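Working through the structure, step by step
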Amino acid sequence: MTSPLPVPVGKQNAPRQSPPGLPRRVFITGASSGLGQAFARHYAAAGWQLGLAARRADRLDELARELGGALAATYPLDVTDSAALASAAADFCARFGAPHVVIANAGISVGTLTEESEDLVAFRRVLEVNVFGMAATFAPFLPAMKALRDGLPRRVVGIASVAGIRGLPGAEAYCASKAAAIAYLESLRLELAPSGIRAVTICPGYVDTPMTAVNPYPMPFLLPAAEAARRMARAIDAGTGYAVVPWQMGVVAKLLRLLPNAVYDRLFGRAKRKPRGLPL
């Protein structure tokens with residue numbers, strides 16, 4: 001194991017001895033709240049070494065303190081900044097070694113209307129974070145992950161959404177970004193298969209996070225973030241290529257995909273919409 005070193009890019013909380021055996025390592029974006037924070041707690045409890053990235057340095061520091069003796073390095077950055085992610089990846093690999101799991105969890109959601117010209121800025125931002133940010137997260141880690149020879153499973157994990165399966169009114173940007181993420185991850189799964197790295201697509205239904213707290217409509221099968229992270233981690237460990245969590249939303253999504261457009265449009269054309277103008 002590489003000993004943690006005081007490199008200025010990331011900040012590390014006080015370490016304690018790793019558990020016996022080979023340490024496992026995970027890098028998580030969007031770790032300062034919601035599902036990303038729940039992932040961090042889940043893997044810390046299992047004794048993993050953590051790389052935690054998000055825009056809010058204060059929230060990351062608070063999380064690192066909460067995790068106590070877990071070996072964790074924090075990286076305040078925006079996932080659209082590929083140079084910052086490359087620096088974070090180099091720092092993490094120097095401290096701990098290449099990660100076994102990289103979770104591209106960072107994502108944003110806001111209502112958008114194509115007819116409103118001011119929403120084009122939000123449209124671009126959603127696509128950059130939710131699609132480009134995912135690729136920028138994986139890119140700097142893949143060479144080191146391919147070179148790993150410790151026999152432990154290797155995964156790159158993209159958090160997509162059931163919203164990427166069919167379009168919803170007033171959510172053009174979000175649905176488009178998640179549909180693109182699903183297709184991108186499928187391509188990546190095929191691309192990485194010969195290397196032994198598995199690309200895992202996770203499509204959450206409704207998870208109780210700050211992102212969903214503003215939704216003005218019913219959210220069936222809503223899961224607490226900790227429970228959602230636990231179920232998703234199980235799919236990640238299994239190397240599942242595509243998983244919907246909870247499974248009930250997977251059934252709903254498949255049924256919606258089968259609906260003729262005329263029926264789907266009648267059912268969802270007047271659905272309540274996510275608010276526009278949310279902070280991004």
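Here the structure is a predicted model, which is why all the values come from computation and not from measurement. (Residues numbered from 1 in each chain as written. Predicted model: local features only at pLDDT ≥ 70, side-chain atom pairs only at ≥ 80, totals over all residues. Heavy atoms only, no water.)

1. Digging into the overall build of the chain
- Broken down by element type, the chain carries 10 helices and 10 strands.
- The C-alpha radius of gyration of the chain comes to 19 Å, within 12% of the 19 Å expected for a compact globule of 280 residues.
- For the C-alpha atoms alone, the extent of the chain along its principal axes is close to 60 × 35 × 30 Å.
- By residue count, 48% of the 280 residues in the chain fall in the buried class.
- Put simply, of all contacts in the chain between residues at least 6 apart along the chain, 71% involve residues at least 24 apart.
- For the chain, the exposed surface amounts to about 13,000 Å²; the carbon and sulfur share of it is 59%.
- Treating the 31 positive side-chain charges of the chain as one cloud and the 20 negative ones as another, the clouds have centres 7 Å apart. (Helix = DSSP H or I, 4+ residues; strand = E, 2+ residues; numbered from the N terminus. Rg over C-alpha atoms; globule rule 2.2 N^0.38 Å. Buried < 20%, exposed > 50% of the residue type's maximum accessible area, 1.4 Å probe, protein only. Contact = heavy atoms within 4.5 Å. Areas by Shrake-Rupley, 256 points an atom, 1.4 Å probe, with all protein chains shown as cover. Lys, Arg positive; Asp, Glu negative; His and termini not counted. Charge placed at Lys NZ, Arg CZ, Asp CG, Glu CD.)

2. What about the pattern of salt bridges?
- This structure, assessed with the given rule, holds 9 salt bridges.
- Note that Glu66 and Arg41 form a salt bridge whose closest N and O atoms lie 2.7 Å from each other. Linking Glu66 in helix α2 (residues 57–66) with Arg41 in helix α1 (residues 34–45), this pair joins segments that are 25 residues apart in sequence.
- Judged by relative accessible area, Arg41 falls into the partly exposed class, the value being 37%.
- The salt bridge involving Arg230 is made with Glu227; its shortest N-O contact spans 2.7 Å. Linking Arg230 with Glu227, this pair stays in helix α8 (residues 225–238), spanning 3 residues, or about one helical turn.
- Each of Glu118, Asp119 and Arg276 takes part in a single network of salt bridges with overlapping partners. (Salt bridge = Lys/Arg side-chain N within 4 Å of Asp/Glu carboxyl O.)

3. Concerning helix α3 (residues 82–95)
- Given a rise of 1.5 Å per residue, 14 residues ought to cover 20 Å, and the 20 Å separating the end C-alpha atoms of α3 matches this to within 8%.
- Capping the start of α3 is the job of one residue whose side-chain oxygen sits 3.2 Å from the backbone nitrogen of Ala83: Asp81.
- Residue Gly97 follows α3 closely and has a positive phi angle near 110°. (Expected span 1.5 Å × (residues − 1). Polar contact = N/O pair within 3.5 Å; in protein donor to acceptor, adjacent residues only side chain to side chain.)

4. Comments concerning the confidence of the model for the chain
- Summing up the model confidence of the chain, the mean pLDDT is 88 and the portion of residues at 70 or higher is 91%.
- Low confidence marks residues 1–20, where pLDDT is under 50. Its contacts with residues over four positions away, or in another chain, come to 48 contacts. (pLDDT = per-residue confidence, 0-100.)

5. Observations concerning the state of the cysteines
- Scanning the model with the defined rule gives 0 disulfides in all.
- Cysteine Cys203 is unpaired, with the sulfur of Cys175 as its nearest cysteine sulfur at 12 Å.
- Judged by its relative accessible area of 0%, Cys203 falls in the buried class. (Disulfide = S-S within 2.5 Å.)

6. A short note on the pairing of strand β7 (residues 198–204)
- Here β7 lies mainly inside the structure; 6 of its 7 residues are buried.
- Bridge analysis of strand β6 (residues 155–159) against β7 gives 5 bridges, and the strand direction is parallel. Within β7, the residue paired with Val157 across the bridge is Val200.
- Relative to strand β10 (residues 242–245), β7 is paired through 4 bridges, and the arrangement is parallel. Residue pairing in the sheet places Cys203 in a bridge with Val244 of β10. (Pairing = 2+ DSSP bridges.)

7. A few points about the packing of aromatic side chains
- Scanning the entire structure with this criterion turns up 8 aromatic pairs.
- Here the aromatic rings of Phe27 and Tyr75 are separated by 5.8 Å at their centres, their planes lie at 40°, and the arrangement is tilted. Of this pair, Phe27 sits in strand β2 (residues 25–29) while Tyr75 sits in strand β4 (residues 72–76), and the two are 48 residues apart along the sequence.
- Residue class for Tyr75 comes out buried when judged on its relative accessible area of 1%. (Phe/Tyr/Trp six-rings, centres within 6.5 Å; stacked < 30°, edge-to-face > 60°.)

8. Remarks on the side chain of His100
- Of note, His100 is situated in the loop between α3 and β5 (101–104).
- Since its relative accessible area comes to 0%, His100 is described here as buried.
- Engagement of the side chain of His100 in a polar contact is seen with the side chain of Asp150, the distance being 2.6 Å.
- Each residue touching His100, except ones within four places of it in the same chain, is listed here: Pro23, Arg24, Arg25, Met145, Leu148, Asp150, Leu152, Pro153, Arg154 and Arg155.

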